[in-house]
Every structure is written in C-alpha cells, then in structure tokens.
2 protein chains.
Amino acid sequence: MFKKETEYALRGMVYIQLQNLKDRRPGVAEIAHEIEAPYFFTAKIFQRLAKQGFVKSMKGKGGGFFIEPEKKDLPLKELIIAIEGEELFIGCGFGLKNCDENNPCPLHHQYGMIRDQINKLVAGETIQSLAQNTLNKTLAFSRETEK
Amino acid sequence: MFKKETEYALRGMVYIQLQNLKDRRPGVAEIAHEIEAPYFFTAKIFQRLAKQGFVKSMKGKGGGFFIEPEKKDLPLKELIIAIEGEELFIGCGFGLKNCDENNPCPLHHQYGMIRDQINKLVAGETIQSLAQNTLNKTLAFSRETEK
DNA sequence: GTATTAAAAGACCTTTTTGTCTTTTAATAA
DNA sequence: TTATTAAAAGACAAAAAGGTCTTTTAATAC
Ligand code: FES
Ligand code: FES
C-alpha cells in the first residue's frame with residue numbers, strides 16, 4: 001500500500017510521539033532500532049521531515065526528535081502526501097491519467113468506494129491518535145519473526 | 001495502488017477480451033495504442049502473461065492475442081498476484097513484516113477493513129465481468145487529457 | 001520455396017526507490 | 001576552550017521498476 005519510506009515515517013513519528021509522552025526525545029539510533037528500519041535511511045527520512053516542519057530536532061548531547069506539543073494533531077494524510085504525493089487518494093484504480101466521475105473506468109464504481117475509505121482512514125487518524133491507542137492497548141511496533 | 005505493469009496488464013486483458021467478443025485478435029501494436037501504454041513494454045508484459053497461460057497468442061499474419069473462451073472467468077486477483085505478488089492482499093498497513101491478528105499494529109483494525117474490501121473487489125470482479133460492463137455502459141479505457 | 005507479418009527472446013538502458021557512508025554543523029559537558 | 005555527542009548535508013551505490021531495442025522464431029501469403 002505505502003512506500004517503505006512512508007511506513008518508516010509513520011512508525012517513527014508514532015514512536016517519537018510515544019516517547020515524548022514519557023518526556024523523552026529519541027535519537028535516530030533509537031528510533032531506527034525500535035521501528036526496525038535501516039539507521040542511515042531513517043536519519044535521512046527524519047532530516048526531511050524536520051525540514052518540512054513535521055518534527056523538531058535538537059543537536060548535541062541529549063538531542064533527538066520531538067513533536068511540538070502545542071501543534072495540533074497531525075493527520076496521517078498530511079504526512080503521507082508530503083512523502084509520496086496524493087496519487088493514492090485521488091488516482092484511478094485502472095491507471096487512467098485521472099479519475100473522472102463523468103467518464104468512469106470499468107473499476108470506478110467499486111474502486112471509488114475503497115479509495116473513499118482510505119481517505120477517511122488517513123484523514124481521521126493522526127500520529128497522536130495512533131500513539132494514544134498504542135498506549136491504551138499496547139499495540140505492536142515491530143516483529144521479531146522473519147517475513 | 002497498483003504497479004504500472006499491473007495497470008497495463010489489466011487494461012490490456014480487458015481490451016483483448018472486448019475485441020475477442022467481436023471475433024478479433026488484437027496485436028501488441030493495437031493493444032498498446034488503445035490502452036495508452038508503451039509499445040515494447042506492453043509486448044514484454046503480454047509475452048509473460050502468455051507464458052503464464054493467462055492469454056494465448058498467435059504469430060504471423062493475422063496473429064495476435066486472445067483469451068481462450070472455454071476457460072473460466074479470470075479474477076483480477078489471480079492476474080495481480082501473478083504480476084506483483086500478494087503483499088497488497090495480506091500485508092500490514094503499518095509496514096510490519098506480517099499482519100498478525102493476535103499482535104496487531106496501531107492501524108490493524110482500520111486498515112484490515114479496507115484490505116478486506118480490496119480482496120473482495122479483486123476476487124469478485126474478473127477480466128470478463130469488466131469487459132461486459134464496459135460493453136453495457138461504454139466505460140473509459142484511456143484519457144485524451146494530460147495528467 | 002520466398003516474402004511478409006507478428007510474437008518471443010533477451011540484451012540493454014533510465015528512473016525511482018531504497019539504502020549506505022563521510023563530512024560538516026551545532027549543541028552540551030567538562 | 002576542548003572533547004563529545006548527535007543531527008544536517010550531501011555524495012554514493014545497489015536494487016527494483018519502468019522502458020527500449022535488436023535479433024530470432026513461427027505463422028501466413030504468394
Ligand atoms: S475513473 Fe478509474 S477510478 Fe475513477
Ligand atoms: S498488523 Fe498491521 S495491519 Fe494487521
């Protein structure tokens with residue numbers, strides 16, 4: 001469904017938020033380890049997210065990443081679009097150049113409903129809501145088992 | 001949602017089926033043109049699909065591709081899995097190595113419902129059903145407009 | 001037979017995605 | 001100030017996806 005980069009970003013952001021709730025600021029090494037992502041790739045991804053304002057970072061001893069608490073909740077959709085664009089949310093399931101209600105492809109009706117649900121999911125859930133759910137129900141961030 | 005290769009394959013297969021219904025056997029040039037896909041790439045894709053038995057082909061004058069009429073309807077899911085694997089149909093939306101009902105990720109509940117719907121769509125619709133729908137309602141195969 | 005047509009095979013290339021590594025910058029600790 | 005820590009910047013590289021082209025094989029037309 002999502003690109004690897006998006007998946008790492010989602011997992012990482014939720015992890016950062018979770019740690020922030022415990023008054024901690026995880027660094028790249030910790031994040032990468034916890035979400036089971038490659039260290040340098042994780043570093044690059046969060047560099048970009050920091051530049052785009054999705055997270056704040058601090059250099060030096062005690063440094064790391066954090067999400068500004070005064071910011072409003074970040075919908076997954078915003079993050080995903082920033083990383084991989086909005087094709088998934090507006091594109092045609094049959095691969096036509098665009099989805100057109102008035103000139104629908106053979107999949108338009110059925111695919112449209114699924115796309116709507118995807119939109120609803122990523123617009124409704126936020127990094128913060130996922131972190132909160134994780135706290136409440138102790139959900140999984142990584143798997144020990146092989147793929 | 002799908003890879004380009006999958007999209008071309010879906011569009012091409014439905015186009016072939018549509019032409020077969022008119023007792024025609026389109027060749028690569030015609031298929032590629034009609035579905036707006038690159039000629040050589042289309043050729044390679046249908047070569048593979050022919051080798052895998054999803055279509056039959058004939059060489060030489062009057063040659064081209066056709067779907068054996070005696071075969072039962074081909075669910076989109078079979079075709080898609082043959083091209084890009086089943087990750088989309090069983091994978092974890094959060095990017096964990098696998099989806100595990102008993103150790104769910106923060107997206108499991110919500111994403112699971114969407115994934116189920118995707119499964120239902122591609123298992124229910126077939127190349128033949130899409131072709132028939134296209135005939136009945138004159139649906140779109142290509143777009144004149146730019147992306 | 002030969003010419004022509006069209007798919008099969010496979011080499012090759014480009015772009016995007018994914019991942020790695022080194023050097024630089026900025027913060028804190030001593 | 002100097003040492004240490006950790007992110008920023010950016011070059012580099014491997015793998016996958018997407019795409020192109022030439023040569024070969026097999027069918028039909030003559
Ligand atoms: S036209 Fe294809 S999904 Fe709308
Ligand atoms: S565990 Fe993530 S979708 Fe099921």
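Structure: above.
In this report, the structure presented in the accompanying data block is examined. (Residues numbered from 1 in each chain as written. Chains lettered and ligands numbered in written order. Predicted model: local features only at pLDDT ≥ 70, side-chain atom pairs only at ≥ 80, totals over all residues. Heavy atoms only, no water.)

**Digging into the interface of chain B and chain A**
The line we're drawing: In what follows, residue pairs with any heavy atoms lying within 4.5 Å of each other are defined as contacts. A quick way to say it: buried area is the sum, across both parts, of accessible area lost when two parts are put together, with a 1.4 Å probe. In the sections that follow, a salt bridge refers to a side-chain nitrogen of Lys or Arg positioned within 4 Å of a carboxyl oxygen of Asp or Glu. A 3.5 Å cut-off defines polar contacts: any pair of N or O atoms within that distance qualifies, except that in protein one atom must be a possible hydrogen donor and the other a possible acceptor, and neighbouring residues in sequence count only when both atoms are side-chain atoms. For helices the rule is a DSSP run of H or I covering at least 4 residues; for strands it is a run of E covering at least 2, with both sets numbered from the N terminus onward. When residues are sorted by character, Ala, Val, Leu, Ile, Met, Phe, Trp, Tyr, Cys and Pro go into the nonpolar class, Asp, Glu, Lys and Arg into the charged class, and all the rest, Gly among them, into the polar class.
Contacts between the two partners involve 41 residues from chain B and, on the opposite side, 41 residues from chain A. In this assembly, chain B packs against chain A so that about 3,900 Å² is buried in total across both faces, 61% of it on carbon and sulfur atoms. B:Lys97 is the salt-bridge partner of A:Glu36, the closest N and O atoms lying 2.6 Å from each other. Put simply, chain B and chain A have eight residue pairs in polar contact (both at pLDDT 80 or more) between them. Among the secondary structure elements, those contributing two or more residues to the side of chain B that touches chain A are α1 (4-21), α5 (87-90), α6 (108-124) and α7 (127-137) of chain B. With six residues, α6(B) is the single largest residue contributor to the side of chain B that touches chain A. When grouped by side-chain class, the residues that make up the side of chain B that touches chain A number 22 nonpolar, nine polar and ten charged.

**Quick word on the side chain of A:Glu125**
Residue placement: A:Glu125 occurs in the loop between α6 (108-124) and α7 (127-137). Among the polar contacts made by the side chain of A:Glu125, one reaches the side chain of A:Ser129 at a distance of 2.7 Å. Leave out the neighbours within four places in its chain, and A:Glu125 touches A:Leu74, A:Pro75, A:Leu76, A:Leu130, A:Asn133 and B:Gln110.

**Observations concerning the protein's contact with DNA strand D**
The condition that has to hold: Note on definitions. A residue lies near a molecule or strand when any single heavy atom of the residue is within 4 Å of it.
Looking at DNA strand D, there are 24 residues lining it, with A:Gly27, A:Ser57, B:Pro38, B:Phe40 and B:Lys44 nearest. Counting only the atoms of DNA strand D within 4 Å of the protein, the fraction contributed by sugar and phosphate is 64%. Contact between DNA strand D and A:Gly60: a sugar or linking oxygen at 3.3 Å from a main-chain N or O atom of the residue. A distance of 2.4 Å is found between a base oxygen of DNA strand D and a side-chain nitrogen or oxygen belonging to B:Lys44.

**Focus on the packing of α1(B) against helix α3 (residues 39-51) of chain B**
Residues and elements named next belong to chain B. Threshold: Orientation is described by lines fitted to C-alpha atoms, with helices fitted over the stretch in contact, and by angles between N-to-C directions that extend from 0 to 180 degrees. Working rule for angles: under 35 degrees goes down as roughly parallel, over 145 as roughly antiparallel, 65 to 115 as roughly perpendicular, anything else as oblique.
At a minimum axis distance of 10 Å, the contact between α1 and α3 shows a crossing angle of 75°. Classified by the interaxial angle, the pair formed by α1 and α3 is roughly perpendicular. Where α1 approaches α3, its residues Glu 5, Tyr 8, Ala 9, Gly 12, Met 13 and Ile 16 are matched on the opposing element by Phe 41, Ile 45, Phe 46, Arg 48 and Leu 49. Its residues assigned to classes, the contact of α1 with α3 shows eight nonpolar, one polar and two charged.

**Some points on the environment of A:Gly95**
Mapped onto the elements of the fold, A:Gly95 is located in the loop between α5 (87-90) and α6. Remark: the alpha-carbon pair of A:Gly95 and A:Leu107, spanning twelve residues in sequence, is separated by 9.9 Å. Excluding residues that lie within four positions of it along the chain, A:Gly95 makes contacts with B:Glu7 and B:Arg11.

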